[in-house]
Structures are given as structure tokens and as C-alpha cells.
Amino acid sequence: MSAAARDTTPGSSPNAAPAGIDISANFIRHAREWEEANPSGIHYYVASAVELPFGDATFDFVSAFMSLMDIPETDLVLAEVFRALKPGGFFQFSITHPCFDTPHRESLRDAEGLTYAIEVGDYFRRIDGEVKEWLFSAAPPDVRAGLRPFRIPLFTKTLSEWLNLLISSGFVIERLEEPRPSDETAREWPGLQDAQVVACFLHVRVRKPA
Ligand SMILES: C[S@@+](CC[C@H](N)C(=O)[O-])C[C@H]1O[C@@H](n2cnc3c(N)ncnc32)[C@H](O)[C@@H]1O
């Protein structure tokens with residue numbers, strides 16, 4: 001999760017004071033190493049999104065890239081983001097699409113191996129922490145060969161649960177997007193072709209009222 005605010009302390013960059021957090025010390029170690037090699041003024045903290053280490057009304061905007069669906073306490077995270085945002089600030093995040101990343105999901109393929117439909121089911125079955133073994137299917141085979149599957153806890157929510165949580169946290173929903181790869185991208189990365197058939201991701205931007 002990352003956030004940015006104008007830095008008004010004397011001698012600091014006139015542009016922004018960005019910060020990034022993750023609960024994983026490993027992620028933050030890599031991010032700090034990257035920052036050291038490619039300085040851009042971002043400060044990284046090991047912290048939980050459930051308890052942000054920032055004051056009230058600190059940031060102009062907050063981003064959470066592909067992480068909210070992995071955190072079960074969505075209501076607490078949204079309350080923390082709302083608190084840390086300045087009035088009028090926005091929160092943007094991406095998650096796996098709640099309508100298509102369902103407990104039952106299967107790609108239906110034609111004779112050439114191309115996905116023509118996605119079978120989804122159990123949409124209303126709440127999964128709360130079931131552990132799944134997983135590997136990036138879109139990663140190039142040579143990269144995948146060197147990796148062991150990793151284990152992640154799964155949590156599911158319906159689309160209306162997501163949207164109602166945002167509304168009850170005080171946010172105003174501003175924009176939704178369902179990105180899909182171009183034909184050219186799907187040809188280059190066949191693992192992404194499913195995302196041309198149904199939306200794999202949901203992008204959301206909400207605003208804290210001014
Ligand atoms: C799917 S990964 C995405 C990571 C990164 N945003 C990316 O795109 O590479 C989900 C991330 O959420 C982090 N995470 C899980 N629970 C968290 C929490 N309570 N607070 C902050 N980060 C959390 C995990 O450590 C993991 O790095």
C-alpha cells in the first residue's frame with residue numbers, strides 16, 4: 001500500500017512525501033534496496049494496513065495494488081485509509097475481480113487451447129482464510145521452473161459486499177474499471193488470454209468527501 005502527500009518541511013522536496021507499507025518485512029527489505037539503488041524519496045515501513053503508522057489527514061491519496069483482497073479486515077483497513085486521507089483525498093485500489101475470482105472457477109478451452117468461457121460458481125460461498133498453493137501461471141516457464149508454489153490464505157466477498165463496505169466507510173465511489181489485455185498483449189503473454197474473456201481485475205477509485 002502506498003500513499004503520498006505534499007512535503008512542506010523546510011529543505012524537503014517541494015513535490016511529494018510518498019510512503020509505502022507492507023506487513024511483510026521481506027517485501028519492505030526489497031523495496032528499500034530498490035529505493036537505495038534508484039532513489040525517489042519513498043519511505044518504506046513494515047506495518048499492517050489495519051493500523052497505519054501515520055497521523056490523521058496526512059495524505060492526498062492512497063493506493064493499494066493487489067493487496068486488499070488478501071486482508072480479511074477490510075472494514076478496519078478502509079477506516080484507517082479514510083482517517084489518514086486529507087478531506088477531498090482519494091483512495092485507489094485493484095483487486096481480483098469478485099465476480100470471476102470465485103471459489104469455483106474453470107477456464108473452458110477450444111481445440112486450440114484458447115479460452116472461450118470461464119465457468120464460475122459458489123459466488124456466494126464465503127471463504128475465510130482457506131490456504132491455497134499458488135504459482136504465477138503467466139510467468140515465463142524458465143522463471144516458473146525455479147520457483148516453488150507458495151501458500152496464501154484466501155478471502156472472498158461479493159461485489160455488493162465490496163461496494164457497500166466502501167459506502168459505509170464514508171467514501172464516495174468515483175470510478176470503476178475492468179482492464180483487459182489487447183490482442184497483441186494476449187498473443188505475447190498467453191497466460192493473460194483469460195482476461196479477454198471475463199474481467200480478472202477490478203480497479204476502484206473512491207474519494208473522502210471534502
Ligand atoms: C498479492 S501481494 C501484492 C504485493 C504488491 N502490491 C505487488 O503487487 O507486488 C499482497 C500483499 O499484501 C500484503 N499484506 C497482506 N496483509 C497485509 C496487511 N494486513 N497489511 C499490509 N500488507 C498486507 C502481503 O504481505 C503482500 O505483499
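Data block above holds the structure.
Each chain has its residues counted from 1, running along the sequence as written. Side-chain atom pairs in this predicted model are given and counted only at pLDDT of 80 or more, local residue features only at pLDDT of at least 70, and totals for whole chains, interfaces and linings cover all residues. To get the side-chain values, all heavy atoms of the structure are used, and hydrogens and water are removed first.

A few words on the overall build of the protein. Where helices and strands are cited, they refer to DSSP runs of H or I of at least four residues and of E of at least two residues respectively, numbered from the N terminus. When helices and strands are counted, the protein shows 6 helices and 11 strands. By principal-axis analysis of the C-alpha atoms, the protein measures approximately 65 × 40 × 35 Å. Accessible area for the protein stands at about 12,900 Å²; split by element, carbon and sulfur atoms hold 56% of it. Charge convention: Lys and Arg are scored as positive, Asp and Glu as negative, and His as well as the terminal groups of each chain are ignored. In plain terms, the charge of a residue is placed at NZ if it is Lys, CZ if Arg, CG if Asp and CD if Glu. Distance between charge centres in the protein, computed from 20 positive and 30 negative side chains, equals 3 Å. For the area figures, the Shrake-Rupley method with a 1.4 Å probe applies, and any residue is considered shielded solely by the protein chains shown.

Right, let's get into the environment of glutamate 119. Within the element layout of this structure, glutamate 119 appears in strand β7 (residues 115-121). Among residues more than four places away in sequence, those in contact with glutamate 119 are His104, Arg105, Glu106 and Leu108. A polar contact of 2.7 Å, which involves the side chain of glutamate 119, links it to the side chain of histidine 104. Any two residues whose heavy atoms approach within 4.5 Å at even a single point are treated as in contact. Whenever two N or O atoms come within 3.5 Å, that pair is a polar contact, provided that in protein one can donate a hydrogen and the other can accept it, and provided that, for residues adjacent in sequence, both atoms are side-chain atoms.

Let us now look at the packing of aromatic side chains. One pair of aromatic rings is described through two measures. These are the centre distance and the angle between the planes. Only centres within 6.5 Å qualify two rings of Phe, Tyr or Trp (six-membered ring in Trp) as a pair; their planes then separate them into stacked at under 30 degrees, edge-to-face at over 60, and tilted for everything else. Throughout the structure, instances matching the rule amount to 9 aromatic pairs. An angle of 35° between the planes, with centres 5.2 Å apart, marks the rings of phenylalanine 91 and phenylalanine 93 as tilted. A centroid spacing of 6.1 Å and a plane angle of 35° characterise the contact between phenylalanine 91 and phenylalanine 171, whose relative ring orientation is tilted. Of this pair, phenylalanine 91 sits in strand β5 (residues 85-96) while phenylalanine 171 sits in the loop between α4 (159-168) and β10 (172-177), placing them 80 residues apart in sequence. Only protein chains enter the accessibility calculation, which uses a 1.4 Å probe; a residue is then buried when its area is under 20% of its type maximum, exposed when over 50%, and partly exposed in between. Phenylalanine 91 sits in the buried class, given a relative accessible area of 0%. Cation placement over rings: the criterion is NZ of Lys or CZ of Arg within 6 Å of the ring centroid and within 35° of the ring normal. If you follow lysine 157 out to its NZ or CZ, it ends over the ring of tryptophan 162, 5.0 Å from the centre.

Attention shifts here to the site of the ligand. Near the ligand, the surroundings consist of Asp22, Ile23, Ser24, Phe27, Ala47, Ser48, Ala49, Phe65, Met66, Ser67, Asp70 and Ile71. Between the ligand and the protein, one listed contact pairs a nitrogen atom with a backbone N or O atom of isoleucine 23 at 3.3 Å. Take phenylalanine 65: an N or O atom from its main chain is 2.8 Å from a nitrogen atom of the ligand. Isolated, the ligand exposes 590 Å² of accessible area, and the fraction of that covered by the protein chains is 70%. Amino acids are sorted into nonpolar (Ala, Val, Leu, Ile, Met, Phe, Trp, Tyr, Cys and Pro), charged (Asp, Glu, Lys and Arg) and polar (every other residue, Gly among them). Grouping the amino acids of the shell around the ligand by side-chain chemistry returns 7 nonpolar, 3 polar and 2 charged. Summary of the distance rule: residues count as near a molecule or strand when at least one heavy atom falls within 4 Å of that molecule or strand.

On to the packing of helix α2 (residues 74-84) against α4, then. Here the axes come from fitting lines to C-alpha atoms, over the contacting stretch only for helices, and the angles between their N-to-C directions go from 0 to 180 degrees. Between α2 and α4, the least distance of the axes is 10 Å, while the angle of their chain directions is 35°. When the axes of α2 and α4 are compared, the crossing they make is right-handed. Between α2, through Thr74, Asp75 and Leu78, and α4, the contact on the second element is made entirely by Trp162, Leu165 and Leu166. When its residues are assigned to classes, the contact of α2 with α4 shows 4 nonpolar, 1 polar and 1 charged. Throughout, a crossing is termed right-handed when the near helix is turned clockwise from the far one, and left-handed when it is turned anticlockwise from it by less than a right angle.

Quick look at the pairing of strand β4 (residues 59-65) now. Strands pair, by our definition, only if DSSP identifies at least two bridges between them. The pairing of strand β1 (residues 2-4) with β4 spans 3 bridges and is classified as antiparallel. Across the sheet, residue serine 2 finds its bridge partner in β4, namely serine 63. Here 6 bridges tie β4 to β5, and the two strands are oriented parallel to one another. Counterpart to valine 62 in the pairing with β5 is phenylalanine 91.

Pairing is mixed across the open sheet formed by 7 strands, whose spatial order is β3-β2-β1-β4-β5-β11-β10. Sheet topology places β3 (43-46) and β10 at the edges, where each strand pairs with a single neighbour. Within the sheet, the average angular offset between the axes of one strand and its neighbour, ignoring direction, is 15°. Its contacts with the sheet place helix α1 (residues 25-37) against β2 (19-22) and β3, and it is angled at close to 165° to β3. With respect to the sheet, α2 is in contact with β4 and β5, its orientation differing from that of β5 by roughly 145°.

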